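Below are the chains, spelled out letter by letter.
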Amino acid sequence: TQLLEQSPQFLSIQEGENLTVYCNSSSVFSSLQWYRQEPGEGPVLLVTVVTGGEVKKLKRLTFQFGDARKDSSLHITAAQPGDTGLYLCAGAEIGRDDKIIFGKGTRLHILP
Amino acid sequence: NAGVMQNPRHLVRRRGQEARLRCSPMKGHSHVYWYRQLPEEGLKFMVYLQKENIIDESGMPKERFSAEFPKEGPSILRIQQVVRGDSAAYFCASSPLLLLNTDTQYFGPGTRLTVL
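Calculation notes
- For every chain, the first residue of the written sequence is number 1, and numbering continues from 1 along that sequence.
- By the order in which they are written, chains take letters starting at A while ligands take numbers starting at 1.
- Local features in a predicted model are, by the rule used here, given only for residues with pLDDT of at least 70; side-chain atom pairs are given and counted only at 80 or more, and totals for whole chains, interfaces and linings are based on all residues.
- Heavy atoms throughout the structure, all of them, feed into the side-chain values; hydrogens and water do not.
- The contact rule is simple, with two residues in contact once any of their heavy atoms fall within 4.5 Å.
- Under the DSSP-based scheme used, a helix requires at least four consecutive residues in state H or I and a strand at least two consecutive residues in state E, with every element numbered from the N terminus.
- Under the scheme applied, nonpolar residues are Ala, Val, Leu, Ile, Met, Phe, Trp, Tyr, Cys and Pro; charged residues are Asp, Glu, Lys and Arg; polar residues are all the others, including Gly.
- Note: two strands are recorded as paired if DSSP finds a minimum of 2 bridges between them.
- Note on definitions: angles span 0 to 180 degrees between N-to-C directions of axes, and those axes are lines fitted to C-alpha atoms, for helices only across the stretch in contact.
- Note on exposure labels: buried denotes an accessible area under 20% of the residue type's maximum, exposed denotes more than 50%, and partly exposed covers the range between, all computed with a 1.4 Å probe on protein chains only.
- What qualifies as a polar contact is a pair of N or O atoms within 3.5 Å, subject to a donor-acceptor requirement within protein and to the restriction that residues adjacent in sequence count only when both atoms come from side chains.
- Any two cysteine sulfur atoms within 2.5 Å of one another count as a disulfide.
- Each reported salt bridge corresponds to a side-chain nitrogen of Lys or Arg within 4 Å of a carboxyl oxygen of Asp or Glu.

(A) Here's a closer look at the interface of chain B and chain A. Listed per partner, the contact involves 25 residues of chain B and 25 residues of chain A. Secondary-structure elements contributing two or more residues to the side of chain B that touches chain A are β4 (31–37) and β5 (43–50) of chain B. When its residues are assigned to classes, the side of chain B that touches chain A shows 11 nonpolar, 8 polar and 6 charged.

Structure below.
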């Protein structure tokens with residue numbers, strides 16, 4: 001059973017379009033992180049959300065943590081080819097801050 | 001300040017050989033985490049180490065896999081008698097303290113192990 005479900009698995013859209021990807025779980029997390037991973041490289045942290053309902057913006061990327069701290073979303077406005085990559089969400093369950101659990105990721109491809 | 005270093009970046013082994021993967025954490029970091037990533041999959045936690053101590057190895061296969069983080073030198077993930085199913089990318093991450101919810105773990109570039 002996958003603790004963190006990410007959807008969609010794959011997404012291919014045109015440059016300039018908006019998109020939202022999701023990270024869902026039945027468990028409560030003390031924090032959720034979003035990473036971007038490029039081919040042949042390790043994941044790079046984009047953001048950490050901690051408080052239920054929290055919204056963080058990183059240029060054209062908007063991250064939201066669900067009120068119940070069970071889910072999160074990443075919205076990209078006016079996608080650009082440079083946004084192409086594997087987006088991973090990861091979380092630390094309540095009381096298990098020493099272990100991060102990863103979702104399988106959403107593979108995003110932005111067409112020029 | 002150099003990031004997390006992993007070597008080798010690519011490693012090819014024949015079935016039955018041993019694989020040794022090395023990870024040098026960021027300067028000042030004393031906590032190391034190892035993850036395995038299969039194609040089209042997320043990262044799976046394997047083991048969490050501090051200097052000279054294994055804190056959590058619940059994600060590590062019971063046989064053939066071992067990890068250490070000596071007082072001096074890099075952390076080593078060792079896979080004995082490799083099988084084809086061990087082929088994967090192995091990532092190391094480090095953090096300065098116990099990974100609290102506001103801390104960041106920094107990932108290395110990974111070692112891609114191919115077992116022939």
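(B) Highlighting the sheet that holds strand β3 (residues 19–24) of chain B. Residues and elements named next belong to chain B. An order of β1-β3-β8-β7 is seen for the 4 strands of this open sheet, with the pairing classed as antiparallel. One side of each edge strand has no neighbouring strand; the edge strands of this open sheet are β1 (5–7) and β7 (65–68). Shown here is a sheet whose adjacent strand axes are inclined to one another by a mean of 15°, direction ignored. Sheet topology places β3 next to strand β8 (residues 75–79); 5 bridges connect them, and they run antiparallel. Bridge pairing in β8 links C23 to S75.

(C) Spotlight on the environment of Y90 of chain B. Residue and element names in this part refer to chain B. Following the sequence through the fold, Y90 ends up in strand β9 (residues 88–95). Of the residues examined, Y90 reaches a relative accessible area of 0% and is grouped as buried. Taking the C-alpha atoms as reference points, Y90 and L49, separated by 41 residues in sequence, lie 15 Å from one another. Ignoring sequence-local partners within four residues, the contact set of Y90 consists of Q6, L21, Y35, R36, M46, F65, L77, I79, G110, T111 and L113. One polar contact links the side chain of Y90 to the main-chain carbonyl oxygen of D86, over a distance of 2.7 Å.

(D) Spatial organisation of the state of the cysteines. Residue and element names in this part refer to chain A. Counted according to the given criterion, the structure contains 2 disulfides over all chains. Two residues, C23 and C89, share a disulfide whose sulfurs are 2.0 Å apart. Note on the C23 and C89 pair: the S-S dihedral is about 70°, so by sign convention the disulfide is right-handed. Of the two residues, C23 is situated in strand β3 (residues 19–24) and C89 in strand β9 (residues 85–93); the sequence distance between them amounts to 66 residues.

(E) Seen up close, the pattern of salt bridges. All names here are of chain B. Tallied over the entire structure, the rule returns 6 salt bridges over all chains. The partner of E18 in a salt bridge is R20, with the nearest N and O atoms 2.8 Å apart. D86 is the salt-bridge partner of R64, the closest N and O atoms lying 2.7 Å from each other. Of this pair, R64 sits in the loop between β6 (53–56) and β7 while D86 sits in the loop between β8 and β9, placing them 22 residues apart in sequence. Given the relative accessible area of 26%, R64 is considered partly exposed. One network of salt bridges, with partners in common, ties together E18, R20 and R78.

(F) Fine view of the pairing of β3 of chain B. Residues and elements named next belong to chain B. Residue alternation in β3 divides its side chains into a buried set, A19, L21 and C23, and an unburied set, R20, R22 and S24. Examined bridge by bridge, β1 and β3 share 3 bridges and lie antiparallel to one another. Pairing of Q6 across the sheet is with C23, part of β3.

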